[in-house]
Amino acid sequence: MMKRLPVGVLLALAGCSGVQSPLAPSGREADALFSLFGLMMVVCGAVYVLVMVGLGWSLWRVYRRRTVAADSVSISDRTLDRGVWIAAGIIIVGLTTLIIGSFIADRAMFRARGRDAMLVRVTGHQWWWRIQYRDPATGSWIETANELHLPVGGTTRMSLGSADVIHSFWVPNVAGKLDMIPGRRNLLDLTPRREGWFRGQCAEFCGLQHAHMALDVKVESPAAFNAWLAAQARPAMTPGNGIAARGASLFAGSCAACHVVGGTTAHGRAGPDLTHVATRRSIAAGTLAMTRNNLQGWIAQPQAIKPGTSMPAVPMNPTDINAVAAYLEGLK
Amino acid sequence: MKAPADRRLQLEQTWSDKPGLWGFLTTVDHKRIAARYIVTAMLLMFLAGMLALDMRWQLSVPENTRMTPQLFNESFSLHGSTMLFLVSVPLMEALGLWLVPLMLGQRNMAFPRLSAFSFWLYLGGVMTLWVAHALDITPDLGWFEYPPLSGPSYSPGHRADIWAQMITFTEVAALAASVNIAVTILKMRPPGMTLARMPVFLWAQLISSLMTILSMPAIMLVTSMLIADRMVSTHFFAPAGGGDVLLFQHLFWFFGHPEVYIIFIPATGFVSQIVETFSRRPLFGHSVVVLAIMAIGALAFGLWVHHMFAVGLPRLGNNFYTAASMAIALPAGLQIFCWIATMWSGRPWLATPMLWVIGFIATFVIGGLSGIMTASAALDLQLTDTYFIVAHFHYVLIGGAIFPLFGAFCYWYPKATGRLMSERWGRWAFVLIVGGFNLGFFPMHFLGLMGMPRRVYTYPPGMGWDLLNQVATAGSAISVLGGLVFVGNALWSFWRGEHAGSDPWRGSTLEWAGLSPTPPYNLAYTPAVTSLTPMWNGGDPLRAYDGIALERREVLITSVADAAPLYRQRSASASVWPFLSAIAVTAMFLGSIFTPWAVAIGSVPIAAALIGWFWPQRERTMTGLLRKRR
Amino acid sequence: MIGIQPADPRPVEIVGDLSGLPASANGARNVVWWGNIGFMLIEGTGFALAIAAYLYLATQAPHWPPPGDAVPGLLWSSIFTVGLLLSAIPNLWVRRRALAKDSRGVRAGVLAMSIIGALLLIPRAIEFSHLGVKWYTDGYGSVLWLLLVLHTSHVITDLGDTVVQAVWLFTHEIGEDQFADVEDNANYWTFVVVTWLPVFAVIHGVPRLT
Ligand code: HEA
Ligand code: HEA
Ligand code: CUA
Ligand SMILES: [Cu+2]
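This structure is a prediction, so every number in the text was calculated from the model and none was measured.

A. Main features of the overall build of chain C. Within chain C, the secondary structure is distributed over five helices and one strand. What you see in chain C, going N to C, is helices and strands ordered as β-α-α-α-α-α. Taking 210 residues into account, the globule formula puts the C-alpha radius of gyration at 17 Å, and chain C, at 23 Å, lies well above it. With the principal axes as the frame, chain C shows a C-alpha extent of 80 × 60 × 25 Å. Counting all 210 residues of chain C, 50% fall into the buried class. Residue pairs at least 24 apart in sequence account for 82% of intrachain contacts in chain C once pairs closer than 6 positions are excluded. Surface exposure of chain C reaches about 9100 Å², of which carbon and sulfur atoms provide 70%. Separation between the mean location of the 11 positive side-chain charges and that of the 16 negative ones in chain C comes to 9 Å.

B. Just the sheet that holds strand β1 (residues 526-527) of chain B, in detail. The strand order β1(B)-β2(B)-β1(C) describes an open sheet built from three strands, whose pairing is mixed. Looking at the sheet topology across the chains shown, the edges are occupied by β1 of chain B together with β1 (12-17) of chain C. Pairing geometry for strand β2 (residues 542-546) of chain B and β1(C), over five bridges, is parallel. By the bridge assignment, B:Ala544 is partnered in β1(C) with C:Ile14.

C. The sheet that holds strand β9 (residues 196-201) of chain A, seen in detail. Residues and elements named next belong to chain A. In space, the three strands of this open sheet follow the order β4-β10-β9, with mixed pairing throughout. The open sheet terminates on both sides in strands that have one partner only, identified here as β4 (147-151) and β9. Strand after strand, the sheet turns through a mean of 25 degrees between neighbouring axes, direction not considered. Alignment of β9 against strand β10 (residues 214-220), held across six bridges, turns out to be antiparallel. Its bridge partner being in β10, Phe198 is matched across the sheet by Val217. Lying over the sheet, helix α4 (residues 222-233) contacts β4 and β10, oriented at roughly 140 degrees with respect to β4.

D. Broad picture of unusual backbone geometry. Looking along the chain, the bond that leaves B:Pro147 and enters B:Pro148 is cis, with omega of 0 degrees. The topology assignment puts B:Pro148 in the loop between α5 (112-134) and α6 (159-187). Cis rather than trans, the peptide bond between C:Trp64 and C:Pro65 has omega equal to -5 degrees. Secondary-structure assignment places C:Pro65 in the loop between α1 (31-60) and α2 (75-99). Despite not being glycine, B:Arg506 has its phi angle at roughly 55 degrees, a positive value.

E. Broad picture of the interface of chain A and chain B. Listed per partner, the contact involves 78 residues of chain A and 75 residues of chain B. Scanning the region where chain A abuts chain B turns up three salt bridges. Here A:Asp77 and B:Arg281 are joined by a salt bridge, their closest N and O atoms 2.9 Å apart. The interface formed by chain A and chain B contains 18 residue pairs in polar contact (both at pLDDT 80 or more). Looking at the side of chain A that touches chain B, the elements with two or more residues in it are α1 (5-14), α2 (28-68), α3 (77-109), β7 (178-180) and β9 of chain A. Examining the composition of the side of chain A that touches chain B, we find that 19 residues originate from one element, α2(A), more than from any other.

F. Seen up close, the coordination of the iron atom of ligand 2. Residues and elements named next belong to chain B. For the iron atom of ligand 2, every protein donor is listed as His79 (NE2) and His394 (NE2), and the spread of their distances is 2.0 Å. By relative accessible area, His79 is classed as buried at 12%. For His394, a relative accessible area of 14% puts it in the buried group.

G. View of the packing of aromatic side chains. Applying the stated criterion to the full structure yields 70 aromatic pairs over all chains. Relative to B:Phe360, the ring of B:Trp339 lies with its centre 5.6 Å away and its plane at 70 degrees, an arrangement referred to as edge-to-face. Of this pair, B:Trp339 sits in helix α11 (residues 329-345) while B:Phe360 sits in helix α12 (residues 352-375); the two residues are 21 residues apart in sequence, bridging distant segments of the chain. Across the pair, exposure class does not vary: B:Trp339 and B:Phe360 are buried alike. Just above the ring of A:Trp141 sits the side chain of A:Arg121; from NZ or CZ to the centre is 4.2 Å. In this arrangement the basic side chain of C:Arg124 is found over the ring face of C:Trp196, its NZ or CZ atom lying 4.5 Å from the centre.

H. Fine view of the coordination of the copper ion (ligand 4). Residues and elements named next belong to chain B. Looking at the copper ion (ligand 4), one finds its protein donor set to be His257 (ND1), His306 (NE2) and His307 (NE2), positioned 1.8 to 2.1 Å from the metal centre. Ordering the donors of the copper ion (ligand 4) by residue number gives the pattern H-x48-H-H. Here the copper ion (ligand 4) and the iron atom of ligand 1 are spaced 4.5 Å apart. Here His257, found in helix α8 (residues 245-279), pairs with His307, found in the loop between α9 (286-299) and α10 (315-327); they are 50 residues apart in sequence, far enough to count as distant. For His257, a relative accessible area of 2% corresponds to the buried category.

I. Spotlight on the packing of helix α4 (residues 69-103) of chain B against α5(B). Residue and element names in this part refer to chain B. Close contact between α4 and α5 brings their axes to 12 Å; oriented N to C, the two are set at 165 degrees. On the basis of their axis angle, the class for α4 and α5 is roughly antiparallel. The hand of the α4/α5 crossing is left-handed. For the pair formed by α4 and α5, the contact residues are Leu78, Ser81, Thr82, Leu86, Pro90 and Leu97 on the first element and Ser115, Tyr122, Gly125, Val126, Leu129, Trp130 and His133 on the second. Class assignment for the residues of the contact of α4 with α5 results in eight nonpolar, five polar and no charged.

J. Local environment of the site of ligand 1. Neighbouring ligand 1 are 32 residues; B:Trp143, B:Tyr261, B:Asp380, B:Thr384 and B:His392 lie closest to it. Mapping the residues near ligand 1 onto chains gives chains A and B. Residue B:Ala375 places a main-chain N or O atom 3.3 Å away from an oxygen atom belonging to ligand 1. Between ligand 1 and B:Thr384, the relevant distance is 2.6 Å, taken from an oxygen atom to a side-chain nitrogen or oxygen of the residue. Those elements giving two or more residues to the shell around ligand 1 turn out to be α2 and α3 of chain A together with α8, α11, α12 and α14 (387-417) of chain B. For the shell around ligand 1, the element with the most residues is α12(B), which contributes seven residues. A per-class count over the shell around ligand 1 returns 21 nonpolar, nine polar and two charged.

K. Here's a closer look at the pairing of strand β8 (residues 186-190) of chain A. Residues and elements named next belong to chain A. By the criterion of burial, β8 is predominantly enclosed, with four of the five residues buried. Here strand β5 (residues 156-162) pairs with β8 via five bridges, running antiparallel. Each residue of the ladder has a partner; that of Ser159, found in β8, is Leu187.

L. Representation of the site of ligand 2. Residue and element names in this part refer to chain B. Around ligand 2, a shell composed of 33 residues is seen, among which Arg56, His79, Trp143, His394 and Arg455 lie nearest. At 2.8 Å from a nitrogen atom of ligand 2 is found a side-chain nitrogen or oxygen belonging to His79. Listed by contribution, the elements that provide at least two residues to the shell around ligand 2 are α3 (30-59), α4, α14, α15 (423-449) and α16 (466-496). A per-element tally of the shell around ligand 2 places α3 first, with eight residues. Split by residue class, the shell around ligand 2 holds 22 nonpolar, eight polar and three charged.

M. Summary view of the UniProt feature "transmembrane region" (unreviewed entry) in chain C. Residues and elements named next belong to chain C. What UniProt calls "transmembrane region" (unreviewed entry) maps, in this numbering, to residues 31-54, 74-94, 106-126 and 188-206. Between the C-alpha atoms that bound residues 74-94 there is a distance of 30 Å. The span itself is 95% helix and 0% strand. As a span, residues 188-206 carries 100% helix and 0% strand, and end to end its C-alpha atoms are 27 Å apart.

N. Structural context of the interface of chain C and chain B. Chain C puts 63 residues into the contact, and the matching count from chain B is 82 residues. Counting the surface lost from both chain C and chain B, the interface buries some 6200 Å², and carbon and sulfur atoms represent 67% of this. Inspection of the region where chain C meets chain B yields one salt bridge. Between chain C and chain B we count 18 residue pairs in polar contact (both at pLDDT 80 or more) in total. Elements supplying a minimum of two residues to the side of chain C that touches chain B: β1, α1, α4 (139-171) and α5 (176-209) of chain C. The biggest single contributor to the side of chain C that touches chain B is α1(C), with 16 residues. The residue inventory of the side of chain C that touches chain B, partitioned by class, reads 36 nonpolar, 18 polar and nine charged.

O. Main features of the environment of B:Val599. Residues and elements named next belong to chain B. Inspection of the secondary structure puts Val599 in helix α18 (residues 597-614). On the basis of relative accessibility, which here comes to 43%, the residue Val599 falls in the partly exposed class. C-alpha of Val599 to C-alpha of Met216: the two residues are 383 residues apart in sequence and 21 Å apart in space. Contacts of Val599, omitting those with residues within four sequence positions, involve Met588 and Ser592.

Scoring rules and cut-offs
- Note that residues are indexed from 1 along each chain, following the sequence as it is written.
- Note on labels: chains are lettered from A, ligands numbered from 1, in written order.
- Under the rules for a predicted model, residues below a pLDDT of 70 receive no local features and side-chain atom pairs below 80 are neither given nor counted, while totals for whole chains, interfaces and linings still include all residues.
- Hydrogens and water are ignored here; the side-chain numbers use all heavy atoms of the structure.
- Strands here mean DSSP runs of E at least two residues long; helices mean DSSP runs of H or I at least four residues long; both are numbered from the N terminus.
- We compute the radius of gyration over the C-alpha atoms and compare it with the globule rule, which gives 2.2 Å times the number of residues raised to the power 0.38.
- The buried label applies to any residue whose accessible area, calculated with a 1.4 Å probe on protein chains only, is under 20% of its type's maximum; exposed applies above 50%, and partly exposed to all values in between.
- Two residues form a contact once any of their heavy atoms are found within 4.5 Å.
- All accessible-area figures derive from a Shrake-Rupley calculation using a 1.4 Å probe, and residue coverage is judged against the displayed protein chains alone.
- Neither His nor the chain ends is counted toward charge; the positive residues are Lys and Arg and the negative residues Asp and Glu.
- Think of each charge as sitting on NZ of Lys, CZ of Arg, CG of Asp or CD of Glu.
- Here a strand pair is declared whenever DSSP counts at least two bridges between the two strands.
- In this description, a line fitted to the C-alpha atoms serves as the axis of each element, helices being fitted only across the stretch in contact, and the angle between N-to-C directions of two axes falls anywhere from 0 to 180 degrees.
- Salt bridges are defined as contacts in which a side-chain nitrogen from Lys or Arg sits within 4 Å of a carboxyl oxygen from Asp or Glu.
- Side-chain atoms alone can form a polar contact between residues adjacent in sequence; in general such a contact is a pair of N or O atoms within 3.5 Å, and within protein one must be able to donate a hydrogen while the other accepts it.
- Water is not among the atoms examined, so metal sites may look incomplete; donors are the N, O and S atoms within 2.8 Å of the metal, or within 3.2 Å for Na, K and Ca.
- Paired rings are identified among Phe, Tyr and Trp, the last through its six-membered ring, by centres lying within 6.5 Å, and are further divided according to the angle between planes into stacked (under 30 degrees), edge-to-face (over 60) and tilted (the rest).
- Think of it as a cone above the ring: NZ of Lys or CZ of Arg counts as a charge over the ring if it is within 6 Å of the ring centre and within 35 degrees of the ring normal.
- Our angle categories are set so that under 35 degrees counts as roughly parallel, over 145 as roughly antiparallel, 65 to 115 as roughly perpendicular, and the remainder as oblique.
- Rotating anticlockwise by less than a right angle from the far helix to the near helix defines a left-handed crossing, while the corresponding clockwise rotation defines a right-handed one.
- Any residue outside Ala, Val, Leu, Ile, Met, Phe, Trp, Tyr, Cys, Pro, Asp, Glu, Lys and Arg is labelled polar, Gly included; the first ten of those are nonpolar and the last four are charged.
- Near, as used in this document, describes a residue that has one of its heavy atoms within 4 Å of the molecule or strand being considered.
- UniProt positions are given in the numbering used here, feature names are shortened, and annotations may be inferred rather than shown by experiment.
- Each of two parts loses accessible area, computed with a 1.4 Å probe, when they are put together; buried area is these two losses added.

Laid out in structure tokens, this is it:
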């Protein structure tokens, strides 16, 4: 606890417990790193104070000599030689502490390795996330996008890859980041300890819209999680009222080439799976909140909202757009 | 023996350049070349600083629309590439080019024409990047351009090629300068300046030159591979074709990490000289500082993986690089200790150069410590690619290299111009820059810890990042203002400054022995060195040798270890060939952005220019098969 | 405090005269020799890193060379290697002649080295056509060609240098500095020979041993 003290001060200073902050750890991996950060702050803070005291004192002598006239403090090179050894000793002790601390945190992060955790495959795309859960019962993959759900307390293993360029998966409140590299798959364990909404963001520069590649993360009770996963596995709802049904047929014409809607003929793979898009909190990788209005705006002019995105503006009149949005809004 | 005045006249005649444009294009005077480097680099620093200010403006409020994402990406790419490749490294070399012969009491570098070639090629690199920018072919993928993003599939057009080719230019220039500096230091030390009596500045220049020689080939190789992937369909970095994306990162950082110490180590040389002179005692722990520089230089080649902790390499390896990276704190810390100990036991005089040293220590140590934090492979998973890293490298680059550079500028300005800079305005610039910098960049640590990634052109409201970003912007603006005061002071003092005399600070090393501004031949005699601080021999006259020619360009070559005189070497005269060679090389590099054939065709004029350059001027033969017949 | 120094530089006491020193030197005493070492160090690092890149890709790939790629032909590569190694003999002889400041020997030797260098390009050219892959086939082909192109460019550069030197030597009066130049050029050829050996070992050994 002691070593968290300065961090506490720091925290209070910046008032920074965010939904996307290593300083508000809510998972085992992030906890280990937060403690390590505390240790770093203590050691490095002490070192900085020492250096500044030394510097300040030697300058203070200049000032004092001006007022006291004679140079009262004189120090021999012999004494300074001894100082070199003392300084080296202090530095070595400090460094050893930090290196050991770092190794311990590293071990703590990887403790769960080897146990069989639930596997989730996350694939980075310019500029969104494809997310696939392996159904523990059937072994089949349940696909969704841009919103990750995790059961609290358990360890989930993320298998990270990329479909195009390098991205980096980072949900700081839960764990550190790990790159998503084409041609490779990296494994990252997440063990969230607190329920709630968190935010992740792509951390490796991946082109024009790197800034708009965020990820919503919901940590929930295992029961809620299982219910959610089961719902995700179901095919899409069939649209009820007239306008949504019209939207569905428009969608099948204009959008199905790029998007999957489970249970329909839409199975394009270029864009995110939209089977349950309306259950998500935001659209276009955290760029807009999920509302009817925003859906319409996004369909009408994706390039204005997220310049450079791979989704083109499909020519449609406002009524049609409204219909498609209504259809999407029904995809719970 | 000639009277001193005649001697000067004769030397002046021998070493002067032709007047006018021809003299400008053909000069091989290391001081003129270095001055060009410095002026060009300062101008670029200003331009890149303006880009930074623009980025700060964009980031000062969430969802700002001042910049399009494209413009923002271009801005940080141009800012980072310019600051590192076209400002920091060249400035450090330029100070070496300018000072090494002076500190050795020599009349020029070992390879005078190579100095000229190096500058012209550097200028080619500058023009490549900035003229391309004017033509809207600006690189937009950062100062390191990882494939596949920079590969043919995701970056059509020529933006990435411009970046890669600009690197080739500046690296060839830097390599040429480094060989030149290293050989000059090894073979042209004045009699008596054994390795043990070499000032720290020269050690720093020697080691960073050697580091350049051993690291820059890596980036030449990797950018060539990138260009090949883009142009002739090789598959070095394409996983689908049996290549590997991480190969690029390994090679890049094998260069990239030593690169930052290539910038930092010369700065420790400036600091050592300034601390010595202004503490008015020989530097405490000379050998500790030199050993520390060597240790940093050697360790630097074993750390590159700490830029790749998040790519998912084996943990054991990562932990090794953690320990190795942190080990750098030992030599770095001992250096800091020696400088403080020198001030402590000396009689410090707080003129502007010394103020910059103080600003350096207070700022650099923060950056060094944040470096130690990111050196932990575990913790780096939270810190990498966030504003914490942006804070780290600006603290070490600006605090650790640019502040000492400003100090060095103030310190050696009177030697170069014969005038002193205003102390009053110097203090204002110091306060504005150091204060503004810390105000602007300290908050970035918090931004990173609060989750703000780097290289984002905007961010949503409600993340809690707004206020800190505003403070960062304000601080940056203040430091730019300080930069203008600094430059204004330098310009004003150039014409109006107080006359400095030859040795205004009573410096410890040989550059202060000659006239200010330094005449084309530097020193009239070859000094004889008996201590680490040859100018501090108790007011006795400077001991020197005579005998190096006055009527032709000649320099003294000595032995590597103990600087015993070996022979007198003819020193190259002014020549237009380095300039023409640089133009030929520039044409070839630029052409090769568009077609691989440029390499073959372009090598013809290059060969011609090089033959012109090295063609020895001697009589036609009177013997052998092709003897001159009457 | 500032500016109290006289405008004149420090008074000087002459303690010796250097005009008796020779006007040139050979071997490691010469500055240019060190410049040459500097550039060899640069290029040697380049070779080392290119070989490292080759080995890195080899360790990342499941098969090396990838299925479908032939191993590089050994015959012409070996002929080139033997030729290159044999060329070291006349090369060392030229170097010796240069140190002995023997004008006739140097002229003959540099001419011979020009011819030998040009002849060596023939097996090298054939070697390229027996590599078994193209540079655009896959990563293996790319890095193989990289090594070969890198080395060939050094052969050509040094050959060009030797030819120019030969022309100059036959048409001009040779002085001390030119003997040193010939020596440096010969050292550089030694460098070209030495760097080939690890490249040869790697491009033929690794695909056959794995
Ligand atoms: C001048 C340039 C410079 C210098 C000197 C340094 C110095 C150091 N740097 Fe930095 N670094 C950069 C420039 C520099 N760096 C740049 C440009 C990048 C970013 C590249 C990019 O991604 O764009 C970078 C990135 C970078 C990373 C990668 C971060 C990431 O991307 O995730 C790391 C990780 O280890 C690192 C570590 C260090 C360390 C350990 C030092 C050490 O040398 C520091 C040593 C000094 C001290 C520690 C202070 C003095 C010592 C004491 C007072 C003794 C007591 C200390 C202790 C007991 C701890 N640096
Ligand atoms: C030495 C190197 C150096 C220097 C000095 C600076 C200086 C500054 N930098 Fe820069 N920066 C980098 C190197 C440097 N930077 C690098 C390598 C990157 C990474 C790029 C990447 O991600 O690829 C980066 C990235 C970077 C970012 C992150 C962008 C992003 O990730 O999205 C930001 C944002 O605030 C920033 C801001 C600034 C600011 C405000 C300054 C200010 O300090 C600038 C103030 C300007 C001055 C002090 C100059 C004043 C002028 C003169 C002294 C000369 C005047 C001359 C005449 C008038 C003739 N920099
Ligand atoms: Cu994906 Cu940045
Ligand atoms: Cu580094």
